[in-house]
Amino acid sequence: AAAHAGQSRYAFDELHWGNDETHHVAQGYDADILLRWGDPIFADAPDFDVMNQTADAQLQQFGYNNDYVGFVPLNVEGSRGLLCVNHEYTNEEVMFPGLGRQDKAEFAGMTRALADIEMAAHGGSIVEIARNADGKWAVVRDGKLNRRISPLTTAMALDGPAAGHPRMQTSADPGGLEVTGTLNNCAGGMTPWGTWLMAEENFHGYFWTDKRDFEGEPDLSGQPEAAQMARYGVPGMWYAWGKYHNRFNIDKEPNEANRFGWVVEVDPMDPQSKPVKHTALGRFAHEGAETTLSKDGRLVIYMGDDARFEYVYKYVSGGVVSEDRAANARLLSDGTLYVARFEADGTCRWLPLVHGQGPLTAEHGFASQADVLIDTRLAADALGATPMDRPEDASPRGDGTAYMMLTNNSRRKASQTDAANPRPESRFGHIVEIKEDGGDHAAASGRWSILVKCGDPDIADVGAEWHPETSEHGWFGSPDNSAMDADGRLWVATDQGSKWGKTGKSDGLYGVETEGGLRGHSKLFFRCPVGAELCGPCFTPDGETLFLAVQHPGTDGTKDLKGFGRASTFEDPATRWPDFDPQMPPRPSVVVVTRQGGGKIAS
Ligand code: FEO
Ligand code: CA
Ligand code: CA
Ligand code: CA
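Predicted, not measured: the structure shown is a model, and the values here were computed from it.

(A) Structural view of the overall build of the chain. For the chain, the helix and strand inventory stands at eight helices and 31 strands. Computed over its C-alpha atoms, the radius of gyration of the chain comes to 23 Å, within 12% of the 25 Å expected for a compact globule of 603 residues. If you line up the chain on its principal axes, its C-alpha atoms span 70 × 60 × 55 Å. Taken over 603 residues, the chain has a buried fraction of 62%. For the chain, the exposed surface amounts to about 21,000 Å²; the carbon and sulfur share of it is 49%. Taken together, the 56 basic and 87 acidic charged side chains of the chain have centroids lying 1 Å from each other.

(B) Examining the coordination of the calcium ion (ligand 2) more closely. Only Cys186 (SG), Glu287 (OE), Glu287 (OE), Glu392 (OE), Asp480 (OD), Asp480 (OD) and Asn481 (OD1) from the protein reach the calcium ion (ligand 2) as donors, at distances of 2.0 to 3.2 Å. Mapped onto the sequence, the residues coordinating the calcium ion (ligand 2) show the spacing C-x100-E-x104-E-x87-D-N. Between the calcium ion (ligand 2) and the calcium ion (ligand 4) the interatomic distance amounts to 3.3 Å, and Asp480 serves as a bridging ligand to the pair. One end of the pair, Cys186, is in strand S10 (residues 185-190); the other, Asn481, is in strand S25 (residues 479-484), with 295 residues separating them in the sequence. The class of Asn481 is buried, set by a relative accessible area of 1%.

(C) Layout of the coordination of the calcium ion (ligand 3). On the protein side, the calcium ion (ligand 3) has Glu290 (OE), Asp393 (OD) and Ser482 (O) as donor atoms, found 2.2 to 2.3 Å from it. Sequence spacing of the donors to the calcium ion (ligand 3): E-x102-D-x88-S. Of the two residues, Glu290 sits in strand S14 (residues 290-293) while Ser482 sits in strand S25, which places them 192 residues apart along the sequence. For the pair Glu290 and Ser482, a shared accessibility class is recorded, and that class is buried.

(D) Examining the pairing of strand S19 (residues 347-352) more closely. Across five bridges, strand S18 (residues 335-342) lies against S19 in antiparallel orientation. Opposite Phe342, over in S19, you have Cys348 as the bridge partner.

(E) Just the sheet that holds strand S28 (residues 522-527), in detail. Pairing is antiparallel across the open sheet formed by five strands, whose spatial order is S1-S28-S27-S26-S25. The open sheet terminates on both sides in strands that have one partner only, identified here as strand S1 (24-25) and S25. One ladder, built from two bridges, connects S1 with S28; its direction is antiparallel. Across the sheet, residue Val25 finds its bridge partner in S28, namely Phe526.

(F) Up close: unusual backbone geometry. The omega torsion across Val234 and Pro235 is 0°, close enough to zero to call that bond cis. With respect to the helices and strands, Pro235 occurs in the loop between helix H4 (226-232) and helix H5 (241-244). In this structure, Pro578 follows Trp577 across a cis peptide bond, with omega equal to 0°. Mapped onto the elements of the fold, Pro578 is located in the loop between strand S30 (545-551) and strand S31 (589-595).

(G) Expanded view of the environment of Pro582. Counting through the fold element by element, Pro582 comes out in the loop between S30 and S31. The spatial distance from the C-alpha of Pro582 to the C-alpha of Val530 is 17 Å, given a sequence separation of 52 residues.

(H) Structural detail: a positive patch on the surface. There is a patch of like positive charges on the surface, built from Arg308, Arg411, Lys499 and Lys502. Among the structural elements, Arg411 can be located in the loop between strand S22 (401-406) and strand S23 (430-436).

(I) How the structure looks around the pattern of salt bridges. In the structure shown here, the tally under the stated rule is 37 salt bridges. Note that Asp32 is salt-bridged to Lys136, the shortest N-O span being 2.7 Å. With Asp32 in strand S2 (residues 29-36) and Lys136 in the loop between strand S5 (123-131) and strand S6 (137-139), this pair connects stretches of sequence that are 104 residues apart. Residue classification places Asp32 among the partly exposed positions, given a relative accessible area of 27%. Its relative accessible area of 26% is what places Lys136 among the partly exposed residues.

The rules behind these values
- Residues numbered from 1 in each chain as written.
- Chains lettered and ligands numbered in written order.
- Predicted model: local features only at pLDDT ≥ 70, side-chain atom pairs only at ≥ 80, totals over all residues.
- Heavy atoms only, no water.
- Helix = DSSP H or I, 4+ residues; strand = E, 2+ residues; numbered from the N terminus.
- Rg over C-alpha atoms; globule rule 2.2 N^0.38 Å.
- Buried < 20%, exposed > 50% of the residue type's maximum accessible area, 1.4 Å probe, protein only.
- Areas by Shrake-Rupley, 256 points an atom, 1.4 Å probe, with all protein chains shown as cover.
- Lys, Arg positive; Asp, Glu negative; His and termini not counted.
- Charge placed at Lys NZ, Arg CZ, Asp CG, Glu CD.
- Donors = N, O, S within 2.8 Å, 3.2 Å for Na, K, Ca; no water.
- Pairing = 2+ DSSP bridges.
- Patch = residues over 30% accessible without salt bridge, like charges linked within 9 Å, V, L, I, M, F, W, Y side chains within 5 Å.
- Salt bridge = Lys/Arg side-chain N within 4 Å of Asp/Glu carboxyl O.

Structure, rendered in structure tokens:
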């Protein structure tokens, strides 16, 4: 046998790949359901009644399609804490009885009442949980800090250079300083001072127009900001909300879309606090917002813009993180946003998005820093950033390293490949490692390399590259969410979307080696029920608990690979996970993983 390349840093027996109606975890671990869509999260909240849903009830219950999960410890033992969970989007055909799949041009079955339930199911939940004597976690329904955040009800402040700008003003908010709610919150992050960052991803999909050509494409000819809208895909018309709420109709409220696509900061310790949209972090399809520190103590956030040919960003605060919470609150308002250029020689250059520098001037369409931030994508275009294969989550480590998940990009032509995005029609994605100069996350440049090229290593045409000892169970496609554990180990969750048929594998969680002789080796730890993607991964600080968010079970490409790949309906889902009750559709749920007999996970 070939010499063994080293000892795996992930101490568990690899789970076997597959795809069936339920979830699976590596042997020796429990994976229990903690929170499901509809679970009441307040003492007086109504029980979930799936046949008689209302927006009022949904506002008191756990929302839909859990994505990011953050954990805030509430005691030194770590046996009580707050879960901060994003609710990214809704699948109306699986949520509502009798609705079926909607024609996205007309939404004939939708009503205002259903749209309001969808809005109430978006946003976020803050839920207290406690670990009982038996080691199992349970929801504390009367937790004083429990909170629902939604695009229907939650007032949010705008701050930073774009706040108050005329392009941020609407008829409901002539000052351009307050927005109702947040949309499509995907991955996220926690700050060192314990606030929660919710990234607004595909906000464009919520905007509507009545002006469409005969193919249903939006006609932007009357819009003063038509070029900017087109660059962001506004209006996407994925949801019918604009039929009932004028603010989502660009014919009536053209600036509302400028007020989404930001990173939102929430203080989970104060349920009355007003969340803040920080415009200094730029406007794009924010996938995540994982934080770290520079060598001199400034806050650094790595961020992907998840769309084909979009960019990788990082934000560096002006001031340093301190014990002063009021001072920390300003770190996300005053700092520098950078976009990445990945040179062929292995250099990663961080280009500052600062008004007045280089092409970011009035003569190129940027009259102020507000324009640079509202039109971040256009500013990054002007700087010559590197268009990537859909940048999803990023996981930094304290040593000046960051890992960027690039999920796939089937539209990249051979003529458009480059060193950092080397595969044409990349179906399975790759992971890029960035090592900042001097090991400092604030550095203006670093070195990049590809950690793994995803897909089946046994099919030559795929062009995958893994450590050769990676088994048939360990390779994966379409990295999406990721996490760095307390021991500096990288964990990667996948989202193959409606394309999972290309691997035959369900989505799951993998431990991917980044160091030593096993660099590029991957092992499967957990896998999802059919049609779900895996989000979250979040470890408690003691490493004994792992929270996973199973999103949209039973939907992606389960019966029909056309359209949105959402073939299941309420009446005929591909799985009824996790209840397996014939009266209940599948429910997105947070799963809690613990080791049987106790102890740290994978150690
Ligand atoms: Fe919401 Fe890019 O995943
Ligand atoms: Ca994601
Ligand atoms: Ca993450
Ligand atoms: Ca995703």
